[in-house]
Amino acid sequence: MRWLVLLALAACTQDLDEQWQLRHDRIIAVRTDPPRLAAGGQASLTMLAGYSDAPAVERAPDLAAVVSPKSMSGSVAPFGGAWMVTAPDESALAAARSELGLPDGAPVPLQIGLASAWPHPVASTDEQHFAAVKTVLLGESGDNPPLEGLTINGAPPGDELVVPRTGQVPLYVEANDETQIVNWLTSAGTMHDFDLHAAYLTFEEGDALEGQLVLVLHDELGGVTWRVWPLRAE
Amino acid sequence: MVARLRRWVAVILLVAGVADADPMTVHGRVVDPHGKPVRGASISVEGSTRTATTDAQGRYTLAGIEPGSSLVVIADGFGAGLGTAGETSDDIVLDIQATETIEVKGERPPQAQGAAMLDREQLERMPGARNDVMQTLSAMPGVASYPLPLGSSGVVIRGASPQDSKVLIDDFEVPLLYHYLGFRSVVPTDAIDTLEYIPGGFDVAYGRASSGIVSLTTRAGDAKRGQQFETSVGEVGALAQGSFHNGHYMIAARRSAIDLLLPYVLPSDMDLALTTVPRYYDGQFRVDYTLSNKWTLRASSIGSDDAMELYASRDKNADKRFSNRARFVRLTTSAHYHDGPVTAKLAISGIAEDQTFERGLYQHMGVSSPALTMRAEVGRTAKTWLGLQDVAWRAGVETVATHHSLDVAIPRERREGEPPATDDPMDVTQRYTGTVDTSNYAGWTALSAALDERVRFTTGLRVDAYARAGDVAFQPRGELSFKLVPRLTARIAAGAYSRPAEFQTELIDANLRAERSQQLIGGLLYEPADGVRLQGSLYYTKRTNLVTRGMDGTLGNDGRGSSYGGELLGTVQRGPWFGWLAYAYSHSMRVDLPGGMQRLFDYDQPHNLNVAGSYRIGRWQFGARFRLASGLPQTPVVDSLYDSDSNLYYPVYGAVNSERAPMHHQLDIRIDRTSHWGPVKITQFLDVQNVYMNDTVVGYYYGFDYTQRAAFRMLPILPTAGIRGEF
């Protein structure tokens with residue numbers, strides 16, 4: 001009977017990367033710093049990119065443009081190899097509120113579309129590309145969320161992580177799983193409960209012992225924070 | 001006087017276990033099409049002097065019969081027919097149409113061109129069906145062949161959607177057909193007498209379906225008391241039957257066993273916590289009572305209860321919780337009247353149905369739908385009337401009242417042609433809490449008569465009134481039958497059909513009208529020898545008022561479509577042989593919105609071939625079945641978009657249903673062996689699907705960000721073994 005169940009499971013399991021697997025070509029997260037801008041404020045636009053054959057890196061998108069509202073299409077522009085988001089003055093924000101049917105004083109959601117060609121770092125010949133959308137709230141100021149209470153294997157992490165290869169390696173960050181989104185990603189070991197504020201890492205037979213650990217935290221107001229560590233299991 | 005008596009030809013459907021090489025005693029019963037016992041019918045054995053006569057309950061006993069012997073039934077007012085002696089003491093059903101002169105011996109003609117009927121013995125003989133009635137249905141021409149159930153409550157017939165066809169048990173719908181994952185049907189084969197498959201052109205007595213009908217009849221209890229127990233991989237069941245004063249009973253129950261085994265066989269390191277291991281129960285009963293020589297009463301019931309609860313995490317985090325429960329019970333009582341040319345039937349059926357679903361912290365669904373159905377039907381036959389011959393007239397009325405209580409917070413429901421949405425546990429786009437009452441009324445009448453010895457017609461009208469939407473559907477239907485030569489008949493039928501907009505969230509919109517279809521079917525029926533039948537059919541179905549989602553996200557009746565195809569069905573039931581050949585070609589297209597692109601139906605399957613054979617020798621029975629079927633259409637993902645605000649990846653789809661899963665084929669085998677252990681007759685069976693382990697791709701699924709795709713494959717081989725004891 002056991003072989004029958006295993007057979008059934010095998011039939012349904014294919015070689016698809018898990019969502020916590022860092023070695024995978026994709027846009028992992030997009031951030032503006034800061035995420036909410038008062039009139040006249042500026043923010044840089046950055047994304048965290050994952051690669052199947054290289055470490056995850058922070059980089060600027062190849063292309064960015066305003067999706068909505070149309071009246072603010074000039075709010076995103078390249079600057080010194082990066083992309084900058086600029087909140088217009090109050091009169092332009094008021095016009096945008098009118099365009100979107102928002103009440104006076106409400107933050108204006110600026111939706112930005114961005115794209116990057118793959119593989120890293122320049123446009124590929126096979127036209128493979130990745131795209132994303134990101135909303136920035138204009139008309140009020142705010143910061144990306146802090147990573148509070150962060151512990152790796154029971155201790156605050158340094159710049160490099162060395163963890164035991166046996167047993168569970170607990171990962172913890174203070175966050176509300178109902179209102180915030182936590183993602184733990186790794187290219188070494190096997191991640192468990194990757195989308196909870198308390199996750200753990202194990203190293204199974206065949207797992208890579210060296211790689212990266214990434215933590216991404218999204219708050220409910222569009223704020224995004226991430227941190228990337230080199231990771232080694234001993 | 002005798003000359004006036006029409007002689008009808010009947011088929012004897014001896015439902016049997018496996019034949020023993022030794023002579024045996026055959027018990028049985030002969031009834032007319034309305035279930036009324038036929039008294040005084042003469043049963044004889046070909047090549048033997050043994051005969052028997054049925055008693056007032058239509059019952060007979062024949063001793064010293066060789067298994068596989070041919071039996072002949074002759075009764076005044078009926079005709080002679082052939083059958084095969086089996087070993088069990090189940091009913092012999094004299095299954096005829098009340099006013100048709102059937103010159104071809106062996107079986108009654110199919111209810112409609114392309115239709116077929118299987119009895120319990122044939123259902124159990126079909127290799128690869130795992131003793132499951134709905135699995136057997138997949139061998140029918142026109143039924144989409146797919147390793148997984150196409151919706152828990154439907155069967156796909158002639159390229160339509162599952163909800164367009166109805167599955168009836170004792171003339172009434174059941175809300176669920178399958179236990180979890182399509183593992184088993186909710187009714188065991190042992191509790192079924194016959195399965196009738198009508199892919200189109202069905203009678204005016206059937207309604208609220210725009211494609212086809214599958215009608216199951218529960219088993220009537222036998223005069224001889226008996227019990228049986230059966231266990232196979234995944235379940236255990238028991239059945240008891242017998243008689244009492246002027247009556248018979250059958251009661252059966254089943255329980256899953258896989259839930260008892262699963263905790264021990266799942267790998268211990270799986271990140272899973274099963275708090276309620278998937279389990280199911282089902283039960284059936286039927287009581288027949290002869291009130292007088294004109295009146296019989298019947299009560300029957302079917303019920304099912306499935307439950308499961310799991311956490312996709314060993315730590316039982318609330319956001320990883322998934323629970324589901326689906327249960328229903330239907331109780332039907334009916335009174336049947338038969339006095340010479342006059343028949344009548346009055347039936348009342350009630351159903352209690354409850355389904356709950358909860359996923360994570362946000363998504364849930366609770367639906368309760370108690371319903372009451374009342375149906376009355378009368379019939380009258382006459383030898384001649386207004387120059388017509390063998391005239392039969394029927395009329396009936398039906399009301400169905402349902403009170404739906406809904407509490408829904410789920411993602412937007414996927415409609416026909418829509419690709420699956422991105423899986424977001426927080427998505428509760430579809431919200432509704434409230435009650436919906438639906439009342440459907442129907443009336444029908446039909447006249448059937450012969451113009452001469454070769455030409456017969458049936459004409460009728462069904463009117464369905466769907467009160468909630470104020471929608472009335474007039475549905476004329478008719479058929480012409482020409483006997484070209486004694487064993488070759490041509491049939492052509494046309495009719496209008498409708499399905500009320502009550503499927504899932506269609507209920508929430510009171511303005512939706514019923515979907516409509518018009519069907520045209522023609523074909524030939526050839527019966528070269530007794531027990532051998534060949535049907536070839538062509539059909540065209542036009543569909544209008546299809547419920548589709550508009551650009552604004554609301555539902556409307558803006559869709560239209562069509563299906564056409566051809567089917568071939570050959571059956572052999574002679575002595576120890578049972579053979580089956582079914583091939584269907586089908587093409588189904590639809591347009592969801594006016595001016596929109598034409599596309600394939602989700603269940604379009606151009607080619608579907610089933611070839612099966614079974615041979616009985618002594619205590620053994622060997623069978624094999626080969627299947628070859630086109631894959632179903634798929635909508636490919638051509639790109640994806642990352643939404644930073646929700647941290648989800650959204651797919652960008654290509655043209656709807658623009659690619660297709662590969663064609664699949666497989667060989668199934670079945671072996672049965674019968675033996676005796678004291679008074680207990682033991683039947684063991686082994687049913688193996690896909691014996692040559694063909695690697696079959698059923699469809700495709702995508703990774704979390706849609707940049708990777710993998711094939712969903714059928715199990716490489718699926719053996720099922722079981723044992724049944726009867727005493």
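Residues numbered from 1 in each chain as written. Chains lettered and ligands numbered in written order. Predicted model: local features only at pLDDT ≥ 70, side-chain atom pairs only at ≥ 80, totals over all residues.

1. So, the overall build of chain A
In step 1: Across its full length, chain A holds two helices and 17 strands.
In step 2: Considering only contacts in chain A between residues 6 or more positions apart, those separated by 24 or more positions represent 61%. (Helix = DSSP H or I, 4+ residues; strand = E, 2+ residues; numbered from the N terminus. Contact = placed C-beta atoms within 7 Å.)

2. A closer look at the overall build of chain B
In step 1: A tally of helices and strands in chain B yields three helices and 41 strands.
In step 2: Counting every position in chain B, which comprises 727 residues, the buried fraction comes to 45%.
In step 3: For chain B, the proportion of contacts with a sequence separation of at least 24, taken over those separated by at least 6, is 64%. (Buried ≥ 20, exposed ≤ 12 C-beta atoms within 10 Å, placed from the backbone.)

3. Topic: the pairing of strand 9 (residues 129–138) of chain A
In step 1: Counting buried positions along strand 9 of chain A gives seven out of 10 residues, so the element sits mostly inside the fold.
In step 2: Bridge count between strand 2 (residues 36–37) of chain A and strand 9 of chain A: two bridges; the pairing is parallel. Residue pairing across strands places Arg-36 of chain A opposite Leu-137 of chain A, the latter belonging to strand 9 of chain A.
In step 3: With 10 bridges joining them, strand 8 (residues 108–117) of chain A and strand 9 of chain A adopt antiparallel strand pairing. In the strand pairing of strand 9 of chain A, Leu-110 of chain A is matched with Val-136 of chain A.
In step 4: In terms of strand pairing, strand 9 of chain A meets strand 34 (residues 637–643) of chain B through three bridges, oriented parallel. Residue pairing for strand 34 of chain B: Val-133 of chain A is matched across the bridge by Asp-643 of chain B. (Pairing = 2+ DSSP bridges.)

4. Things to note about the domain arrangement of chain A
All names here are of chain A.
In step 1: Looking at chain A, the domain boundaries give domain 1 (26–138) and domain 2 (151–233).
In step 2: Just the C-alpha atoms count here: the centres of domain 1 and domain 2 sit 27 Å apart.
In step 3: Contacts between the two partners involve 12 residues from domain 1, matched on the other side by 10 residues from domain 2.
In step 4: Residue assignment for the side of domain 1 that touches domain 2 shows that the elements contributing at least two residues are strand 1 (26–33) and strand 9.
In step 5: A breakdown of the residues in the side of domain 1 that touches domain 2 according to their chemical character gives nine nonpolar, one polar and two charged. (Domains from an automatic or database assignment. Nonpolar A, V, L, I, M, F, W, Y, C, P; charged D, E, K, R; others polar.)

5. Considering the sheet that holds strand 17 (residues 224–233) of chain A
Residue and element names in this part refer to chain A.
In step 1: Overall, mixed pairing links the four strands, which are arranged 11-17-16-13 in an open sheet. Edge positions in the sheet fall to strand 11 (161–163) and strand 13 (181–186), since each of these pairs with one other strand and no more. Sheet twist, expressed as the average angle between the axes of neighbouring strands with direction ignored, equals 25 degrees. (Axes fitted to C-alpha atoms, helices over the stretch in contact; angles between N-to-C directions.)

6. A look at the environment of Thr-151 of chain A
Residues and elements named next belong to chain A.
In step 1: Secondary-structure assignment places Thr-151 in strand 10 (residues 151–152).
In step 2: On the basis of neighbour counts, which here come to 14 C-beta atoms within 10 Å, the residue Thr-151 falls in the partly exposed class.
In step 3: For the pair Thr-151 and Val-224, spaced 73 residues apart in sequence, the C-alpha to C-alpha distance is 19 Å.

7. Some thoughts on the sheet that holds strand 15 (residues 198–202) of chain A
Sheet strands pair by backbone hydrogen bonding; their relative direction is either parallel or antiparallel.
Residues and elements named next belong to chain A.
In step 1: Taken together, the four strands give an open sheet; going across it, the order is 10-12-15-14, and neighbouring strands pair in antiparallel fashion. In this open sheet, the two edge strands, each paired with only one partner strand, are strand 10 and strand 14 (190–192).
In step 2: For strand 12 (residues 169–172) and strand 15, the ladder comprises four bridges, and the chain directions are antiparallel. Residue pairing for strand 15: Val-169 is matched across the bridge by Leu-201.

8. Section: unusual backbone geometry
In step 1: Of the consecutive residues Asp-33 of chain A and Pro-34 of chain A, the connecting peptide bond is found in the cis state with omega at 5 degrees.
In step 2: Checked against the element boundaries, Pro-34 of chain A lands in the loop between strand 1 and strand 2.
In step 3: Omega for the peptide link from Ser-68 of chain A to Pro-69 of chain A comes to -5 degrees, which places this bond in the cis form.
In step 4: Within the secondary structure, Pro-69 of chain A is located in the loop between strand 5 (63–68) and strand 6 (76–79).
In step 5: A positive phi angle is found at Asn-647 of chain B, which is not glycine, with a value near 60 degrees.
In step 6: By the secondary structure assignment, Asn-647 of chain B is in the loop between strand 34 and strand 35 (648–653).
In step 7: Given 19 C-beta atoms within a 10 Å radius, Asn-647 of chain B is considered partly exposed.
In step 8: In this structure, Asn-657 of chain B takes a positive phi of about 55 degrees despite not being glycine.

9. Notes on the interface of chain B and chain A
In step 1: Every contact between the two is made by 24 residues of chain B and, on the other side, 31 residues of chain A.
In step 2: Of the residues assigned to the side of chain B that touches chain A, the class counts are 11 nonpolar, seven polar and six charged.

10. Remarks on the pairing of strand 21 (residues 388–410) of chain B
All names here are of chain B.
In step 1: The pairing of strand 19 (residues 363–368) with strand 21 spans five bridges and is classified as antiparallel. Bridge assignment links Ser-368 to a residue of strand 21, and that residue is Ser-405.
In step 2: Relative to strand 21, strand 20 (residues 371–385) runs antiparallel, the two being bridged by 14 bridges. Its bridge partner being in strand 21, Glu-377 is matched across the sheet by Gly-396.
In step 3: Between strand 20 and strand 21, which follow one another and run antiparallel, lie two residues, and Leu-386 among them has a positive phi close to 55 degrees.
In step 4: In terms of strand pairing, strand 21 meets strand 22 (residues 430–450) through 20 bridges, oriented antiparallel. Residue pairing for strand 22: Ile-410 is matched across the bridge by Gln-430.

11. A short note on the environment of Asp-195 of chain A
Residues and elements named next belong to chain A.
In step 1: With respect to the secondary-structure elements, Asp-195 resides in the loop between strand 14 and strand 15.
In step 2: Using a count of 18 C-beta atoms within 10 Å as the deciding quantity, one classes Asp-195 as partly exposed.
In step 3: Residues Asp-195 and Asn-183, 12 residues apart in the sequence, show an inter-C-alpha distance of 4.7 Å.
In step 4: The residues touching Asp-195, leaving out its near neighbours within four places in the chain, are Val-182 and Asn-183.

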